[in-house]
Amino acid sequence: MLDYIISQTEEYIASMPKDVRKSFGQFFTPKAAATFMAEMFDIPNKKIIKILDPGAGSGILSSALIEWINKYHRNVKEIKLTCYENCCVITPLLLKNLEFLEKASKIKLTTELITDDYLLSQADDFCGKFTGTENHRKYDIIIGNPPYYKLGKDSVEAKAMPGVCYGAPNIYFLFASMSLFNLVNDGEMVYIIPRSWTSGAYFSRFRDYFLTHGKITDIHIFTSRKDLFNGDSVLQETMIIKVKKTEKTPDLIKITASVGSREFNNITEVSVPYDTVVAGDERYVYLVTSQEDVDVLQNVNKFNKPMTSIGLKMKTGLTVDFRNKELLRNSNEENTVPLFYSQHIKDGRVVFPIGKENEYITDDLPGMIQNNRNYLFVKRFTSKEEHRRLQSAIYIAKNYPEYNMISTQNKINFIDTVDNSEMTEELVYGLYAVINSTLYDKYYRILNGSTQVNATEMNTIPFPARNDLEYMGRQLMDSGDYTTMCCDRILSEVLYE
């Protein structure tokens with residue numbers, strides 16, 4: 001069954017330009033991934049099973065699931081499959097494929113295609129606005145590869161589901177929210193989605209809803225964005241999740257990872273305590289792939305409190321240089337201040353000037369300048385190939401006594417005190433010891449799969465107490481060694497005391 005649906009889909013892909021498919025958010029699931037997803041389900045011990053495939057496309061996921069049940073779950077006597085698809089370009093193919101599945105299935109199969117908008121047609125029910133008899137359906141199993149594209153914050157979809165939206169949402173997590181809503185109690189859903197939802201304030205409302213009403217039981221991670229949707233220019237890091245609609249928290253989450261293969265034949269597996277993976281007030285989801293990753297999380301979590309609780313906060317640099325070109329200068333002139341870029345961060349120290357273009361900015365706009373005081377600078381962006389995600393540098397104000405004010409370009413972050421109290425040199429050096437350590441670099445990579453260091457996320461990460469930071473700072477200053485090896489040693493003294 002699946003081979004037939006795949007062949008029909010490949011013919012459709014060959015006839016439809018990639019940019020057209022991308023405009024619909026269409027990225028078709030490869031055969032191996034569809035089979036893997038189908039086999040993740042614990043098929044309920046029922047005579048009749050109701051299945052939903054929202055955003056069904058050509059029916060690849062449905063066919064993989066029907067084939068899996070036909071082969072290994074013959075106790076099921078009837079399958080009722082509902083597919084949502086409102087893209088008129090592909091619905092003729094989907095109808096044809098559903099007719100084929102009904103004929104090919106050895107288990108009685110009835111299919112239904114709904115061409116209404118999956119989200120908008122149920123939005124009132126989702127928001128609790130429906131006042132008559134409930135008209136939304138419930139399903140035992142939901143399998144999905146939702147469309148991926150951003151919506152405007154004032155889009156009808158965003159307004160229809162305000163409880164899970166913050167700003168301009170991506171449609172994929174609205175699909176995931178609605179699917180969880182559509183499950184029966186103890187029902188299961190398996191979804192391919194980007195991993196971007198696992199952290200950050202942008203997805204906080206979605207995580208709150210999703211992880212309150214459902215519990216993750218399985219996660220599959222792809223080690224490369226090229227592993228799954230090969231040739232489709234998918235820039236998002238993707239993952240597969242299995243979620244059960246229950247308020248009971250499982251003890252463990254099974255996390256698997258496929259290493260450099262689209263065929264799922266090189267898989268690692270680890271079982272991790274649930275509260276290690278889903279942790280903190282923000283309910284971040286930490287994507288671990290080994291026992292070493294588990295150890296990293298548990299060691300950092302020993303510190304328990306974030307930076308903000310000890311009076312420190314990471315902020316994003318103040319100046320967007322390309323939007324303020326008229327204020328930039330190549331040399332130190334009257335009424336200019338230094339403008340620090342990520343290029344000034346070199347081996348843990350700030351080096352200025354370096355002969356870079358536009359290293360100075362006029363002090364005309366107060367919102368773009370800050371007091372010349374001690375900071376820790378942290379690069380916001382690194383490349384995938386770089387050894388470290390967290391790259392920082394110690395900035396000491398007394399090294400630039402000729403300036404009362406400075407500016408920071410918005411491709412760096414800086415750590416300052418919350419109340420503008422003194423940022424001692426010991427404190428800056430201590431922060432450097434932590435952020436330049438192997439432990440914290442690994443921690444951040446587990447938290448965030450992107451190459452961006454997000455200030456909001458960093459402010460939620462557990463940090464040593466302030467007196468411990470100052471102690472580490474003194475140790476680092478005395479050593480004169482700013483290498484990661486030295487930072488690891490100093491941090492371990494506090495971690496394992």
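About the criteria used
- Residues numbered from 1 in each chain as written.
- Predicted model: local features only at pLDDT ≥ 70, side-chain atom pairs only at ≥ 80, totals over all residues.
- Heavy atoms only, no water.
- Disulfide = S-S within 2.5 Å.
- Phe/Tyr/Trp six-rings, centres within 6.5 Å; stacked < 30°, edge-to-face > 60°.
- Helix = DSSP H or I, 4+ residues; strand = E, 2+ residues; numbered from the N terminus.
- Buried < 20%, exposed > 50% of the residue type's maximum accessible area, 1.4 Å probe, protein only.
- Pairing = 2+ DSSP bridges.
- Core = buried A, V, L, I, M, F, W, Y, C linked by side-chain atoms within 4.5 Å.
- Contact = heavy atoms within 4.5 Å.
- Salt bridge = Lys/Arg side-chain N within 4 Å of Asp/Glu carboxyl O.
- Axes fitted to C-alpha atoms, helices over the stretch in contact; angles between N-to-C directions.
- Lys, Arg positive; Asp, Glu negative; His and termini not counted.
- Polar contact = N/O pair within 3.5 Å; in protein donor to acceptor, adjacent residues only side chain to side chain.

(A) The state of the cysteines, seen in detail. The full count for this structure, using the stated rule, is 0 disulfides. Unpaired in this structure, cysteine 83 has its nearest cysteine sulfur neighbour in cysteine 87, at a distance of 14 Å. Cysteine cysteine 487 is unpaired, with the sulfur of cysteine 486 as its nearest cysteine sulfur at 5.9 Å.

(B) Broad picture of the packing of aromatic side chains. All told, the structure shown has 34 aromatic pairs when counted by the stated rule. Ring geometry for tyrosine 148 versus tyrosine 172: centroids 6.3 Å apart, planes at 85°, classification edge-to-face. Separated by 24 residues along the polypeptide, tyrosine 148 in the loop between strand E4 (139–144) and helix H7 (156–160) and tyrosine 172 in helix H8 (residues 171–182) bring together distant segments of the chain. Classification of tyrosine 148 as buried rests on a relative accessible area of 10%.

(C) Looking closely at the pairing of E4. Counted residue by residue, E4 has 6 buried out of 6 residues, so it is predominantly covered. As paired strands, strand E1 (residues 48–54) and E4 are joined by 2 bridges and run parallel to one another. Each residue of the ladder has a partner; that of leucine 52, found in E4, is isoleucine 142. Relative to strand E5 (residues 183–194), E4 runs parallel, the two sharing 5 bridges. Looking at E5, one finds that tyrosine 139 is bridged to leucine 183.

(D) Summary view of unusual backbone geometry. Here the amide bond leading from phenylalanine 352 into proline 353 is cis, since omega sits at -10°, within 30 degrees of zero. Relative to the elements of secondary structure, proline 353 occurs in the loop between strand E17 (349–350) and strand E18 (360–362). Here the phi dihedral of arginine 283 falls at roughly 55°; this positive angle occurs in a residue that is not glycine. Here arginine 283 lies in the loop between strand E10 (278–279) and strand E11 (284–285). Positive phi is not limited to glycine here, since asparagine 335 has a value of about 65°. Mapped onto the elements, asparagine 335 comes out in the loop between strand E14 (328–329) and strand E15 (336–340).

(E) Representation of the sheet that holds strand E22 (residues 405–408) within the structure. Spatially, 5 strands are ordered E14-E18-E15-E22-E19 in an open sheet, and the strand pairing comes out mixed. Edge positions in the open sheet fall to E14 and strand E19 (370–371), since each of these has one partner strand only. By the bridge criterion, 3 bridges tie E15 to E18 in an arrangement that is antiparallel. For threonine 336, the partnering residue across the bridge sits in E18 and is threonine 362.

(F) Spatial organisation of helix H3 (residues 31–38). Counting buried residues along H3, 6 of its 8 residues qualify, which places the element largely inside the surrounding structure. Turning to H3, its buried residues are Ala32, Ala33, Ala34, Phe36, Met37 and Ala38.

(G) Structural detail: the nonpolar core. Leu65, Trp197, Phe210, Ile216, Ile219, Tyr440 and Met458 are the most contacted members of the largest nonpolar core, which has 144 residues in total. Ranked by residue count, the leading element in this core is H8, at 9 residues. Residues within four places of isoleucine 216 in sequence aside, it is in contact with Trp197, Leu211, Lys242, Val243, Pro250, Ile253, Tyr274, Val278 and Val285. Counting 15 residues, the second largest nonpolar core, distinct from the first, contains Phe340, Ala397, Tyr400 and Tyr403.

(H) Up close: the pattern of salt bridges. Here the structure, examined in full by the defined rule, presents 15 salt bridges. A salt bridge links lysine 442 to glutamate 292, with the shortest nitrogen-to-oxygen separation between them at 2.3 Å. With lysine 442 in helix H13 (residues 438–447) and glutamate 292 in helix H11 (residues 291–300), this pair connects stretches of sequence that are 150 residues apart. Take lysine 442: its relative accessible area is 31%, and that puts it in the partly exposed class. Here the salt bridges do not stand alone but share partners, grouping Asp42, Glu188 and Lys242 into one network.

(I) Structural detail: H11. Taken residue by residue, H11 has Asp293, Val294, Val296, Leu297, Asn299 and Val300 as its buried positions. Where H11 is buried, its residues contact strand E9 (267–273), helix H10 (274–277), H13, strand E24 (462–463) and helix H16 (484–495).

(J) Representation of the sheet that holds strand E7 (residues 238–244) within the structure. Pairing in this open sheet of 9 strands is mixed, and the strands run E3-E2-E1-E4-E5-E7-E6-E8-E9 from one edge to the other. Either end of the sheet is taken by a strand with one partner, and the two such strands are strand E3 (108–114) and E9. Neighbouring strand axes in the sheet, compared pairwise and without regard to direction, differ in orientation by 15° on average. Pairing analysis gives 6 bridges linking strand E6 (residues 215–222) to E7, with the strands arranged antiparallel. Looking at the pairing, aspartate 218 lines up with lysine 242 of E7. Across the face of the sheet, helix H5 (residues 91–104) comes into contact with strand E2 (78–84) and E3 while running at roughly 170° to E3.

(K) Layout of the side chain of aspartate 53. If you trace the backbone, aspartate 53 turns up in strand E1. Buried charge without a partner: aspartate 53 forms no salt bridge, and the closest opposite charge is arginine 137, 14 Å away. Among the polar contacts listed, one links the side chain of aspartate 53 to the side chain of serine 62, at a separation of 2.7 Å. Setting aside chain neighbours within four positions, we find aspartate 53 in contact with Leu61, Ser62, Thr82, Cys83, Tyr84 and Ile143.

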